[in-house]
Every structure is written in structure tokens, then in C-alpha cells.
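Overview (structure and organization)
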Amino acid sequence: MPSPVSGFSKKNKAEKIEWLASQYLENEPDAISILKNYWNEDLKLQQLHDDFIENTITNYYLPLGIAPNFLINKKLYALPMVTEESSVVAAASNAAKFWLERGGFKATVISTIKNGQVHLNYFGKAEEMIAFFKQTKPTLIASIEEIQQNMKKRGGGLLDIELKDCTKELEGYYQLHCTFETGDAMGANFINSCLETFASTLEKEAENYSSFIANNQFPEVVMSILSNYVPECTVKASVSCKVSELAQNDISGEEFATKFVRAIQIAKTAPRRAVTHNKGAMNGVDALVVATGNDFRAVEAGVHAYASKDGKYTSLSDAKIEGDTFHFWFEIPLAIGTVGGLTRLHPMVKVAFKILQQPNAEDLMKIIAVSGLAQNFAAVRSLTTTGIQKGHMKMHLMNILNQLDATDEEKKATITYFSKNTVSHSAVIAFVNQIRS
């Protein structure tokens, strides 16, 4: 029976693993060896990784792949992608090559405004809160001058502060809704520092406000935090070509386009389909967000909230046939950065930015959106033509072979066989066992 531990964070890495071994990994020497095998031999590099989070015991590796041939706004890119899903990089590469021959992708940043809120309780009269905010707003803005000095030099900073009366939704609930530009930084630490300063300044000013004193009703700060819902920080990616250019194998361009548009309409209509549809797009988005050291959880949360902005969860992408032209596009909120956080610390992130030709934040927004659109296109194309499993399972074949500890000869024979046969887990096992017998 495991026992609680105190002072765990003060133990060194070896001591942490020793404690794990005694409490949770008894009789598991292989597990301990695996943990230690993933340590980096470069001690300086390992120390850098250890300092990213608390209680580090080892490293957890994911593959970094390259999807080449992305023509974006007439500039050619190779996209670094970090993911564990076998078909993602292949699908992105396939879509990139398909559209390279049809003019490539277009991408535009629509807006870059980020936001955060100071959440307040106030149970007095609304007009008194409104009058207080109007009087105090200049003081609030002045209170962050030092914090935003450097951000202003880079063209960013506070845009505005609004008081929002949310008492119809929740009794006594108000917000200071604050908007910001943060340039090439994602800006979370900057925004949160500004919000906390607004909060303390507001409470100090409220202590001396005559109407609050007279009625013994003061605003109380509940919390101050940025929002990962950024519908004013959006980017659009798109492709288009003549319908006739979509012809492939034994499918005419008109048939392909008609089925593809219908699939998008279904994803726009049916939330259960929309969730999986959007997940496919996010395969491409997340792989690049992780590779560039950005916060994929924040991006995911914001994107899926955006998909529900009209009161129903729906597809993030759209498609239409207009005359003889096929159009496919994708618009998402995307708050990311190219400076700060891991973007200047993690060695692999630095390499990823070099591969991407050192984009600024707006260029990176465009590249990430294109990656999502490409992934979405590849998935819908598979679904409406050959079916998703044919390509996915062939990419998954190597994972199955590795689980079976297949030799190089067995892998070669199995890959050859399944190039013309349907892949399934049981079929692969049966074929490998047949070779071995």
C-alpha cells in the first residue's frame, strides 16, 4: 500500500525515482531502466529540461516529422510537426502536394486582439458602479504604465478597459473586460500582470469612494485572469481551384466536389460529426503548436469554444462550389507567440523556427491555420473517396509490427503483403505468425 510523501519536490531526480520504485514500481526493474534511459546524456541539456516543470523524473519523447511542399501565399514551407498519431504527417504532406499543383494555400490574419478580465462582486446599485468605473478608469490605465513600457515599444499594450454588467446572468457579477495587443508574444504573463494590477488598484480606489462608503457596499475582486477564448484574434486559410482540377483516379472533379461539399454541410449540421471533423483539423494545428513551443491546451479550448459561438457546436471549415470553382476555407482563433516561454528555451523549438524561416507571430498564425486546413482536407477527401481506414491503418501498420517485435525481414514481407490487402490488427498478427511458422 503506497504511503503519502512529504518534501518530494526537494528530492533529486534519482531520489524521486527511488521513491517511485519503492511505492509504485516494486518488482518492475524494466520501468526504472526505461525512466533512466530517457535521460539526456548532455547534462546541461537535461538540466534545461528538468527546469521546465516541477518534479521532473525523465523526458517523454514524441516524434518530430516534416511535411514538405506547403505553398502559402506564394512562399514555400516545410512544416515541423510533433505528434504521435501515425497518419497526420503523411496526410498533411499529401494535401500540401495536392494543392501545390493548384496554386497553393492563401492565409490572412483577420485580427490579433487578446483579452482578459477582472471578475468582480458588487451588490450595490449599478449606477454607482458605473460612475465609479468612469472616474477610476484613467487611474487604472496609469497603474500599468511601467508594466507595459516594453510592450508599447514593440507596438503592443493595453487597448481598452470596459465595465461589463453581468448581473442578469449572475447576481452581483461584474467584469473589467480588458483588451490587448501583444505583438510577437503570446502575452499571457503580460496580460495577467496587468489584470492583477488593475484589481489591486480598483480595490484601493474603491476604499475611498464616497458612494461605496456611504452605503457600505464595496466591489470585491474574485479573480483576475486572461481568457483563452480569443474570437478577436483570428486567422483564415483557404484554397480554391477549378472543379475539373479535382478529378482523380476514377472520380470526376464534379463528383468529388459535390461529395466534399456535402460532407462539410453534414459537419455544419450534426455536432457529433462536427467534433470529429474539427478534431481532424486540430491534428494539424496542434502538431505545429507543440513543435513551436506554444500552448496547445489554450489553443484547443479557444478553438472549440469558437466552434460553439453561435449556440451550437459546428464545423470550423466551409466549402462551396461557385460557378466552375471549388472553394474550401477555415477560420479559427489563434493566440500564439514567437517570443517568450519555450520559444526561446527549448532547443528543438529553436530548430523548428529555423525550419519555418523565423516567422513572426502573424506569419506563424497563417502557417498553423494552413496546417489545420490541409489536415481537414485530407481527412474529408479520404472519407468521401477511399474511406479513412485504408490510409490510416497502412500508416498504423508499423506500430503493429513494432508491438510484435517483428524483424526487418518480417516487416518487409508484411509491408509488401498489405500494400494490396486490407490492414487490420488481427490480420497483421495472423500474417506475421504465418511467416514465423
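Structure: see above.
We now turn to the structure provided with this report.

Each value, and the rule that gives it
Residues numbered from 1 in each chain as written. Predicted model: local features only at pLDDT ≥ 70, side-chain atom pairs only at ≥ 80, totals over all residues. Heavy atoms only, no water. Helix = DSSP H or I, 4+ residues; strand = E, 2+ residues; numbered from the N terminus. Buried < 20%, exposed > 50% of the residue type's maximum accessible area, 1.4 Å probe, protein only. Contact = heavy atoms within 4.5 Å. Areas by Shrake-Rupley, 256 points an atom, 1.4 Å probe, with all protein chains shown as cover. Lys, Arg positive; Asp, Glu negative; His and termini not counted. Charge placed at Lys NZ, Arg CZ, Asp CG, Glu CD. Axes fitted to C-alpha atoms, helices over the stretch in contact; angles between N-to-C directions. Parallel < 35°, antiparallel > 145°, perpendicular 65-115°, else oblique. Left-handed = near helix turned anticlockwise from the far one by under 90°. Nonpolar A, V, L, I, M, F, W, Y, C, P; charged D, E, K, R; others polar. 1 Å grid on protein atoms, 1.4 Å probe; cavity = no way out; pocket = protein on both sides within 12 Å on 5 of 7 lines; lining within 4 Å. Points joined across faces, edges and corners; volume = space filled by probe spheres on them. Core = buried A, V, L, I, M, F, W, Y, C linked by side-chain atoms within 4.5 Å. Polar contact = N/O pair within 3.5 Å; in protein donor to acceptor, adjacent residues only side chain to side chain. Arc of directions from axis to C-beta. Pairing = 2+ DSSP bridges. Salt bridge = Lys/Arg side-chain N within 4 Å of Asp/Glu carboxyl O.

Attention shifts here to the overall build of the protein chain. Looking only at helices and strands, the protein chain features 16 helices and 10 strands. With the principal axes as the frame, the protein chain shows a C-alpha extent of 90 × 70 × 40 Å. Counting across all 437 residues of the protein chain, residues that qualify as buried make up 45%. Considering only contacts in the protein chain between residues 6 or more positions apart, those separated by 24 or more positions represent 69%. Accessible surface computed for the protein chain: about 23,000 Å², of which carbon and sulfur atoms make up 52%. Charge centroids of the protein chain, computed over 44 positive and 48 negative side chains, lie 7 Å from each other.

Packing of helix α5 (residues 126-143) against helix α7 (residues 188-207) leaves a shortest axis separation of 10 Å and a crossing angle of 135 degrees. One element, α5, and the other, α7, form an angle in the oblique class. For the crossing formed where α5 meets α7, the hand is right-handed. Contacts from Phe 132, Thr 136, Thr 139, Leu 140, Ile 141 and Ser 143 of α5 reach α7 at Thr 197, Phe 198, Thr 201, Leu 202, Glu 205 and Ala 206. Each residue belonging to the contact of α5 with α7 can be placed in one class, and the counts come to six nonpolar, five polar and one charged.

The final tally for this structure, using the stated rule, is one cavity of 30 Å³ or more. Roughly 50 Å³ of internal volume is contained in the largest cavity. If you trace the largest cavity, you find it lined by Met 186, Asn 228, Val 230, Ala 298, Val 299, Gly 302, Pro 333, Leu 334 and Ala 335. Ranked by residue count, the leading element in the lining of the largest cavity is helix α11 (residues 296-306), at three residues. Across the lining of the largest cavity, the residue classes break down as seven nonpolar, two polar and no charged.

Looking now at the nonpolar core. General note: in soluble globular proteins, nonpolar side chains tend to be found buried as a group. Core analysis: the biggest nonpolar cluster contains 96 residues, and Phe 70, Leu 176, Phe 198 and Phe 326 have the highest contact counts within it. When residues in this core are grouped by element, the largest group, 11 residues, is from helix α13 (residues 361-384). Discounting chain neighbours no more than four positions away, the residues touching Phe 198 are Val 118, Leu 140, Ile 141, Ser 143, Ile 144, Leu 158, Ile 161, Cys 178 and Phe 180. The next biggest cluster of nonpolar side chains, apart from the first, holds nine residues, and it includes Leu 397, Leu 401, Ala 406 and Phe 431.

Since the α-helix advances by 3.6 residues per turn, residues separated by three or four positions end up pointing in the same direction. Along α11, the residues classified as buried are Ala 298, Val 299, Glu 300, Gly 302, Val 303 and Tyr 306. Where α11 begins, one side-chain oxygen reaches toward the backbone nitrogen of Arg 297, 3.1 Å away; that side chain belongs to Asp 295.

Here we take up helix α12 (residues 347-355). The complete set of buried residues in α12 reads Val 349, Ala 352 and Phe 353. What you see down the axis of α12 is that its buried residues fit within an arc of 95 degrees, all on one side. Buried positions along α12 lie against β2 (75-82), α10 (271-291) and α13.

On to the sheet that holds strand β4 (residues 114-121). What holds strands together in a sheet is hydrogen bonding between their backbones, with the strands either parallel or antiparallel. Spatial strand order, β5-β6-β4-β7: four strands in an open sheet with antiparallel pairing. The strands lining the two open edges of the sheet, one partner per strand, are β5 (157-165) and β7 (220-226). Each strand of the sheet is rotated relative to its neighbour by a mean of 20 degrees, with strand direction disregarded. Sheet topology places β4 next to β7; six bridges connect them, and they run antiparallel. Opposite His 119, over in β7, you have Met 223 as the bridge partner.

We now examine unusual backbone geometry. Even without being glycine, Asn 55 reaches a positive phi, approximately 60 degrees. As for its placement among the helices and strands, Asn 55 is situated in the loop between α3 (43-50) and β1 (64-72).

Let us look at the pattern of salt bridges. Taken as a whole and judged by the stated rule, the model has 11 salt bridges. Lys 320 is the salt-bridge partner of Glu 322, the closest N and O atoms lying 3.3 Å from each other. Overall, the relative accessible area of 45% leaves Glu 322 in the partly exposed class. Taking relative accessible area as the criterion, Lys 320 reaches 34% and is therefore assigned partly exposed. Measuring nitrogen to oxygen at the nearest pair gives 2.9 Å for the salt bridge that ties Arg 436 to Glu 410. With Arg 436 in helix α16 (residues 425-436) and Glu 410 in helix α15 (residues 408-418), this residue pair connects regions lying 26 residues apart in the sequence. Residue classification places Glu 410 among the buried residues on the basis of a relative accessible area of 10%.

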